[in-house]
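Chain by chain, the residues:
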Amino acid sequence: MWYTFFKIFIFRPLVRHGFRARIHGAGNVPTSGGAILVSNHIATMDPVIIPAMLPRKVTFPAKAELFNGGRNIGRIIVAWFLKAIGMVPMDRGGGRASAVSLQAIFDVLDSGQVVAIFPEGTRSPDGRLYKGRTGMARMVLASGAPVIPVGLTGTQTVRGFLGIPWVRRPVVTVGKPLDFSDLRGREAETHALRWVTEEVLAAIQQLTGQEYADVYATRVKYGDLKEKGSDEFVLPRPGGGPRPAASGD
């Protein structure tokens, strides 16, 4: 109920009419059944713009710590909001907690809903498309769900009237579904995981035209490449290697 309320009465009017957002390829989103929506991540408002523009409910896994409000009023509001709109807590610490949170995501898919993932793991520090984490591919190969590539452009925040942060004419481009069902059940194979991840990122790159850097964005934002940047890692496209051989070949 809360998801529908916020989407229809707050976020959709804001994004469509305030930000003047556009969407291309909305018909590529399946009208029913579980699906995994995979997008680039360039700005803070991306998780708001995507569900506001798509016809179906979209569930984002969010950091588990965001669901623990504690005593801070801001965090309490964030935790309540995430729970109210049905987002799923994702524990990244490994072990049993991570397994339980991953099962919660599979439950969303099994119920015929859409799950959305940012495979880069963090916002791009400079507008480039960065190397993807394989957790998304593990989810794809374990579930057999179709993958919907989404390219975001123009979602960066700018200073609007009276200095209020604003977004001007963002564009959401939805690509045709990608089918990796022939690789289902191979989520323990490192090569299969990396290949699927790179193919999905390549599909996103075709939608956005972004330059690709074959390095994790976290290294550029917080690690040893913070001052140096990612120029030496730029490639024409992610991956490009052969499809993993069928089992038994």
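Residues numbered from 1 in each chain as written. Predicted model: local features only at pLDDT ≥ 70, side-chain atom pairs only at ≥ 80, totals over all residues. Heavy atoms only, no water.

- The name an unreviewed UniProt entry assigns to the protein chain is 1-acyl-sn-glycerol-3-phosphate acyltransferase, from the organism Arachnia rubra.

## Regarding helix H3 (residues 73–84)
Next, step 1: With twelve residues, H3 extends 16 Å from end C-alpha to end C-alpha; this agrees with the ideal 16 Å at 1.5 Å per step.
Next, step 2: Looking one or two residues beyond H3, the residue adopting positive phi is Gly-86, at roughly 80°. (Helix = DSSP H or I, 4+ residues; strand = E, 2+ residues; numbered from the N terminus. Expected span 1.5 Å × (residues − 1).)

## Re the packing of aromatic side chains
Next, step 1: Within this structure, the stated rule accounts for twelve aromatic pairs.
Next, step 2: With 6.2 Å between their ring centres and 35° between their planes, Phe-6 and Phe-11 make a pair best called tilted.
Next, step 3: Judged by its relative accessible area of 12%, Phe-6 falls in the buried class.
Next, step 4: In this structure Phe-11 comes out as partly exposed when scored by relative accessible area, which is 23%. (Phe/Tyr/Trp six-rings, centres within 6.5 Å; stacked < 30°, edge-to-face > 60°. Buried < 20%, exposed > 50% of the residue type's maximum accessible area, 1.4 Å probe, protein only.)

## As for the pattern of salt bridges
Next, step 1: If you walk through the whole model with that rule in mind, you get seven salt bridges.
Next, step 2: Arg-243 is the salt-bridge partner of Asp-182, the closest N and O atoms lying 2.8 Å from each other. With Asp-182 in the loop between strand S11 (171–174) and helix H6 (190–208) and Arg-243 in the segment after strand S13 (234–235), this pair connects stretches of sequence that are 61 residues apart.
Next, step 3: Residue Arg-243 is classed as partly exposed on the basis of its relative accessible area of 39%. (Salt bridge = Lys/Arg side-chain N within 4 Å of Asp/Glu carboxyl O.)

## Some remarks on the sheet that holds S11
Next, step 1: Taken in spatial order, the six strands line up as S1-S11-S8-S2-S6-S3 in an open sheet, and their pairing is mixed. The sheet is open, and its two edges are formed by strand S1 (22–24) and strand S3 (58–59), each paired on a single side.
Next, step 2: Two strands pair when backbone bridges link them, and strand S8 (residues 147–153) and S11 are joined in this way by four bridges, in the antiparallel orientation. Paired with Leu-152 across the two strands is Val-172, which belongs to S11.
Next, step 3: Helix-sheet contacts for helix H5 (residues 135–143) involve strand S2 (35–39), strand S6 (114–117) and S8, and the interaxial angle to S2 is about 160°.
Next, step 4: Most of the contacts of H6 go to S8, to which it runs at about 40°, and overall it touches S2, S8 and S11. (Pairing = 2+ DSSP bridges. Contact = heavy atoms within 4.5 Å. Axes fitted to C-alpha atoms, helices over the stretch in contact; angles between N-to-C directions.)

## Observations regarding the sheet that holds strand S12 (residues 212–213)
Next, step 1: Taken in spatial order, the three strands of this open sheet run S7-S12-S13, and their pairing is mixed. For this open sheet the edge positions go to strand S7 (129–130) and S13, each flanked by a neighbour on one side alone.
Next, step 2: Here two bridges tie S12 to S13, and the two strands are oriented antiparallel to one another. When the sheet's bridge partners are listed, Tyr-212 is paired in S13 with Leu-235.

## Some words on unusual backbone geometry
Next, step 1: Backbone geometry places Arg-20, a non-glycine residue, at a positive phi of 60°.
Next, step 2: Within the element layout of this structure, Arg-20 appears in the loop between helix H1 (2–18) and S1.
Next, step 3: Relative accessible area serves as the criterion here: at 48%, Arg-20 is assigned to the partly exposed category.
Next, step 4: The residue Arg-169 is not glycine, and still its phi comes out positive at about 55°.
Next, step 5: Locating Arg-169 in the fold gives a position in the loop between strand S10 (165–167) and S11.

## Some words on the packing of H1 against H3
Next, step 1: In contact at an axis separation of 8 Å, H1 and H3 are set at 105° when each is read in the N-to-C sense. By the criterion of interaxial angle, the relationship of H1 to H3 is roughly perpendicular. In this structure, H1 uses Trp-2, Tyr-3, Phe-6 and Phe-11 to contact H3, whose residues at the interface are Trp-80, Phe-81 and Ala-84.
Next, step 2: Across the contact of H1 with H3, the residue classes break down as seven nonpolar, no polar and no charged. (Parallel < 35°, antiparallel > 145°, perpendicular 65-115°, else oblique. Nonpolar A, V, L, I, M, F, W, Y, C, P; charged D, E, K, R; others polar.)

## Topic: the environment of Ala-43
Next, step 1: Tracing the backbone shows Ala-43 in the loop between S2 and helix H2 (46–53).
Next, step 2: Put simply, Ala-43 and Gln-156 are 113 residues apart on the chain and 5.1 Å apart in space, counted from C-alpha to C-alpha.
Next, step 3: Ignoring any residue separated from it by four or fewer positions in sequence, one finds Ala-43 in contact with Arg-123, Thr-155 and Gln-156.

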